[in-house]
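# Structural description and commentary
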Amino acid sequence: MILRDTLCPAQSATEFAITYGEPLLSYARACVSSASGAPATQLYTNTAPITPEHTTVVSPNVDTLYMSQCYDISREDLVITIPEVDSSRYYGVSFYTPEGDDYLNLGSLAQTQAGRYLLTPAVTSDTAGQMVTGSDGTYQGTIYSPRTLGYLLIRIALKNQDSDVEVVNEIERGFNTTATPRGSGPIGPELTDDLFTNTSSSQAEYILALTALFNETVPSANGEPLLPEETTSNLSVAGIGSDGTYQPPDCVNLEEAYSTANTSITNYRQSSEFVQSLNNGWVMARPIVIGQYGDNYEARAVIARIGYLGLTEDQVIYPVYLEVFSLGDNESYTLRFAGKPPVADNGFWSITMYSPELQLVPNSINRYSLGDRSNLTYPDGTLVYGTDTDGPFDILVQASQPPANWTSNWLPSPRTLGPFSMTLRFYIPDEALSDGSYIYPQVIKGAVVSGTNWTMPARPKRFL
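Here goes a summary of the coordinates provided. (Residues numbered from 1 in each chain as written. Predicted model: local features only at pLDDT ≥ 70, side-chain atom pairs only at ≥ 80, totals over all residues. Heavy atoms only, no water.)

### Quick notes on the overall build of the chain
When helices and strands are tallied, the chain shows nine helices and 22 strands. Here the C-alpha atoms of the chain give a radius of gyration of 24 Å, agreeing with the 23 Å that 2.2 N^0.38 yields for 464 residues. Across its three principal axes, the chain shows a C-alpha extent of roughly 70 × 60 × 45 Å. Scored against the burial criterion, the 464 residues of the chain give a buried share of 52%. Considering the chain, the positive charge centre built from 24 side chains and the negative charge centre built from 50 side chains are found 10 Å apart. (Helix = DSSP H or I, 4+ residues; strand = E, 2+ residues; numbered from the N terminus. Rg over C-alpha atoms; globule rule 2.2 N^0.38 Å. Buried < 20%, exposed > 50% of the residue type's maximum accessible area, 1.4 Å probe, protein only. Lys, Arg positive; Asp, Glu negative; His and termini not counted. Charge placed at Lys NZ, Arg CZ, Asp CG, Glu CD.)

Here is the structure:
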């Protein structure tokens, strides 16, 4: 390794640059104009819950309705209008760099005031990624973006999948984005489909070409540079020019650099540096490696692969089961919860079923998740939510329709044999969910539940 780096320092720098820039592939997929021709730089409103037909984003949730925009403030600023939202409903207005850094969250947790907010490029390192409260009455606040291109993602919680959809649609109609002129000149490239044109001969070369282009989206700021000096140095050694071009150094083996970077990202995903063990086989990404990454570019690349545009831990955590889920023809899983997961009054939780490709799983009842807004029941048939009592309850996971008394607690699994995954989401989580004191559900594999008279096991006494 030492000899290799001595002979060609650009080799390891190129591996670094590939890891640094890989999330831009996710940004490209999200921001290329839709087949209908609708430009991604306009605010897109998702007016109905996500279904298996929506495959643009990996690990989508069905708990919220989305609004999204690939923003471009390279020439003009952006004014974002946020309406009044009832304090009992979770909503988040999240701002991301193209690489997926969640640099600012407005919404219910931040107790954001309704009104207009100005999004503009950062002018100092002190304000980059920050909001400064307005003082002249024109805007509630000014948000200083660390990039001239980025992603705006608005999530509004659905209290149910039926009547509440129109309620959320009305809230969505209150959001708006409008370009507004600013006095300074253009910064870097504009966000057009041409920006993502791939004329490269390999995936590695395309990542590096994108990295060079997006290097120009970092505004010049007074004070400390917006990128760490070591990062800038590595990118330069790798051939990433300040003019938005990539020139591969002669000594670099791109295929080897890509393979090494890919192995490093894969290994990091499985390392204790990234994974935090909880209990009963459940794990999650350590809170310090999701949402805001600093210079931990391996963590950022991992999250881009498994759930691009992840949120910071104060907003949500995403526990998953360590072992691979897989069922035979006559098998099922029971998830045995010790009690209601502790989230804030305006938070919520869910568990969502995913295919091996991290997409929603089609099923006969169009149910893709269960949680605190579902009609979960205790074994005696009383509702888990709607009373102050707390106690153990089960969720049944299998492909075939169970007896009627299980229907409310049934999460359909894929009908085709093979692996699948399930992700827990806890929005505005209590600390107990991440410090190990909450007992995560037991995962019990057994026979498929069938028949018309099958009864659920007796429930232990509830506790308050």
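### Structural notes on the packing of helix α7 (residues 254–269) against helix α8 (residues 297–307)
Interaxial distance between α7 and α8 falls to 9 Å at its minimum, and their mutual angle equals 85 degrees. It follows from the interaxial angle that α7 and α8 lie roughly perpendicular. Of the residues in α8, those touching α7 at N262, S264, I265, T266, Y268 and R269 are E298, A299, A301, V302, R305 and I306. Residues belonging to the contact of α7 with α8 are distributed by class as follows: six nonpolar, three polar and three charged. (Axes fitted to C-alpha atoms, helices over the stretch in contact; angles between N-to-C directions. Parallel < 35°, antiparallel > 145°, perpendicular 65-115°, else oblique. Contact = heavy atoms within 4.5 Å. Nonpolar A, V, L, I, M, F, W, Y, C, P; charged D, E, K, R; others polar.)

### A few points about the pattern of salt bridges
Counted by the stated rule, this structure contains 12 salt bridges. The salt bridge partner of R89 is D164, with a shortest N-O separation of 2.7 Å. In this pair, R89 is assigned in the loop between β3 (77–82) and β4 (91–96) and D164 in helix α4 (residues 164–172), connecting sequence segments 75 residues apart. Here R89 and D164 have matching classes, each one buried. Of the charged contacts, one joins E166 and R173 as a salt bridge, the two residues approaching to 2.6 Å between their closest N and O atoms. Exposure remark for E166: the relative accessible area of 45% places this residue in the partly exposed category. (Salt bridge = Lys/Arg side-chain N within 4 Å of Asp/Glu carboxyl O.)

### Overview of the side chain of S145
Mapped onto the elements, S145 comes out in strand β8 (residues 141–145). Separated by 2.4 Å, the side chain of S145 and the backbone oxygen of R147 make a polar contact. Other than its neighbours up to four places away in sequence, S145 contacts Y71, I73, Y103, L119, T120, P121, A122 and P219. (Polar contact = N/O pair within 3.5 Å; in protein donor to acceptor, adjacent residues only side chain to side chain.)

### What about the sheet that holds strand β1 (residues 44–45)?
Taken in spatial order, the five strands line up as β1-β2-β9-β4-β5 in an open sheet, and their pairing is antiparallel. Because the sheet does not close on itself, it has two edges, and the strands there are β1 and β5 (102–107). Sitting on the sheet, α4 touches β1, β2 (64–72) and β9 (149–157), and the angle it makes with β2 is about 25 degrees. (Pairing = 2+ DSSP bridges.)

### Some words on the nonpolar core
With 55 residues, the main nonpolar core has Y27, Y151, F196 and F214 as its most contacted residues. Take this core: its biggest share by element is seven residues, from helix α5 (residues 203–215). Judged by nonpolar contacts, the second largest core, of 31 residues, contains W282, I317, F337 and W349. (Core = buried A, V, L, I, M, F, W, Y, C linked by side-chain atoms within 4.5 Å.)

### What about the packing of helix α2 (residues 9–21) against α5?
The geometry of α2 relative to α5 is characterised by a closest axis approach of 9 Å and an angle of 75 degrees between their N-to-C directions. By the angle between their directions, the pair α2 and α5 is classed as roughly perpendicular. On α5, the residues touching T14, A17, I18, Y20 and G21 of α2 are A204, I207, L208 and T211. Residues belonging to the contact of α2 with α5 are distributed by class as follows: six nonpolar, three polar and no charged.

### Examining the state of the cysteines
Enumeration over the complete set of coordinates arrives at two disulfides. Between the sulfur atoms of C8 and its disulfide partner C251 the distance amounts to 2.0 Å. Linking C8 and C251, the disulfide has an S-S dihedral of approximately 70 degrees and is accordingly described as right-handed. Of this pair, C8 sits in the loop between α1 (2–7) and α2 while C251 sits in the loop between α6 (229–237) and α7, and the two are 243 residues apart along the sequence. Residue C8 is classed as buried on the basis of its relative accessible area, which comes to 6%. (Disulfide = S-S within 2.5 Å.)

### Re α5
Relative to the 18 Å expected for 13 residues at 1.5 Å per residue, α5 spans 18 Å between its end C-alpha atoms, a close match to the ideal helical length. Restricting attention to buried positions, one finds in α5 the residues A204, Y206, I207, L208, L210, T211, A212 and F214. Considering only its buried residues, α5 is in contact with α2, α3 (23–31), β9, α6 and α7. (Expected span 1.5 Å × (residues − 1).)

### Some words on the sheet that holds strand β6 (residues 115–121)
Read from one edge to the other, the open sheet built from five strands follows the order β7-β8-β6-β3-β10, with strand pairing classed as mixed. Whereas interior strands pair on both sides, the edge strands pair on one side only; in this sheet they are β7 (131–133) and β10 (176–180). Taken over all neighbouring pairs, the strand axes of this sheet differ in orientation by 25 degrees on average, direction set aside. Across five bridges, the pairing between β3 and β10 is antiparallel.

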